[in-house]
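Here's the letter readout for the chains.
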Amino acid sequence: MLKYGIRPSKRLGQNFMVDERYIGKIVKIVNGAETVLEIGMGLGDLTSSIRNSVNWLITCDLDPKIRHVYSDISVGWGNVDFISCDGRLPPLRGVDFVVSNIPYAETSRIITALLTKTSFKSAVLTLQKEVADRLIALPGTENYGRLSVMVQCAADVELIDVVPPTAFIPRPKVYSAIIKMNRKKECIDLSLLEKFTGKVFTQPNKVLRKVVSHFYGKEAVQYIDVDKIDKRVYELSPSEIAAIINALGNRILLPLR
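Residues numbered from 1 in each chain as written. Predicted model: local features only at pLDDT ≥ 70, side-chain atom pairs only at ≥ 80, totals over all residues. Heavy atoms only, no water.

**Describing the state of the cysteines**
Step number 1: If you walk through the whole model with that rule in mind, you get one disulfide.
Step number 2: Linked covalently through their sulfurs, Cys153 and Cys187 form a disulfide whose S-S length is 1.6 Å. Between Cys153 and Cys187, the S-S torsion sits near -120°, and that sign places the bridge as left-handed. Of this pair, Cys153 sits in helix 6 (residues 146–154) while Cys187 is found in the loop between strand 9 (176–183) and helix 7 (190–200), placing the two residues 34 residues apart along the sequence.
Step number 3: Since its relative accessible area comes to 1%, Cys153 is described here as buried. (Disulfide = S-S within 2.5 Å. Helix = DSSP H or I, 4+ residues; strand = E, 2+ residues; numbered from the N terminus. Buried < 20%, exposed > 50% of the residue type's maximum accessible area, 1.4 Å probe, protein only.)

**Describing a nonpolar patch on the surface**
Step number 1: Together, Ile136, Leu159, Val162 and Tyr175 make up a nonpolar patch on the protein surface, roughly 310 Å² of accessible area in all.
Step number 2: Looking at the secondary structure, you find Val162 in strand 7 (residues 155–163). (Patch = residues over 30% accessible without salt bridge, like charges linked within 9 Å, V, L, I, M, F, W, Y side chains within 5 Å. Areas by Shrake-Rupley, 256 points an atom, 1.4 Å probe, with all protein chains shown as cover. Salt bridge = Lys/Arg side-chain N within 4 Å of Asp/Glu carboxyl O.)

**Section: the packing of aromatic side chains**
Step number 1: One pass over the full model with this rule turns up three aromatic pairs.
Step number 2: Ring centres of Tyr144 and Phe201 lie 6.4 Å apart, and the angle between their planes is 65°; on these two criteria the pair is classed as edge-to-face. Here Phe201 lies in the loop between helix 7 and helix 8 (208–216) and Tyr144 lies in the loop between helix 5 (129–135) and helix 6, a separation of 57 residues in the sequence.
Step number 3: Measuring from ring centre to ring centre gives 5.9 Å for Phe196 and Tyr216, while their planes differ by 20°; the resulting arrangement is stacked. With Phe196 in helix 7 and Tyr216 in helix 8, this pair connects stretches of sequence that are 20 residues apart. Both residues of the pair, Phe196 and Tyr216, belong to the buried class.
Step number 4: Feature note: the residues Phe196, Phe215 and Tyr216 constitute an aromatic cluster, connected by ring pairs.
Step number 5: Note that Arg183 overlies the ring of Phe120, its terminal NZ or CZ placed 5.0 Å from the centroid. (Phe/Tyr/Trp six-rings, centres within 6.5 Å; stacked < 30°, edge-to-face > 60°. Lys NZ or Arg CZ within 6 Å of the ring centre and 35° of its normal.)

Here you go:
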């Protein structure tokens, strides 16, 4: 890609993985998959490696320069489809694996969209180490928050490896991590979970009683079990939050604030 004048964009927060050791770890995980969706083709190093290990690869990118040169670089790639996208996820469902080296600034948006708008079986994502710590954080710990709940409610998360800045072009200022998410049966409707956590985690250190009263009215408190209502928001597990959403019912859809 570099010979075509395509360079990582600072505006888009792009850092492309080029280290074959870590690319190899990702390829090993998806090896033998029927259909893989790659979000962000970038310089094509990962794309070129994955295509030899899977039945069908769909890769997308929002950079128009990549679209223009794809037909040249993909000669002989008989099992790869390229899709131009505009920053949103392509309208695809039912892929085996999603693979992405996510731009740091887009991590929360892309992960939330993956969970709520696709039906992937597994995902292998490279993201900022700090974000990976949030995804696997336990209730009551410093890194636990809204994204932790969203992800853990929908998937089992595994930390595969920590990746140094030297594995990327250009080198980011922080360490990254490769994680694997295996989709599981959701503990609650994710659209409701997104609405609820979007409110209560604005006040994670407050007691749930006060937060629910503030957003959903004092009368809503009576519907929540006593073993949960006096916990602080960040102490609640994904399953407890799911139970609270079920208890509140339509009040989640029609909050006071």
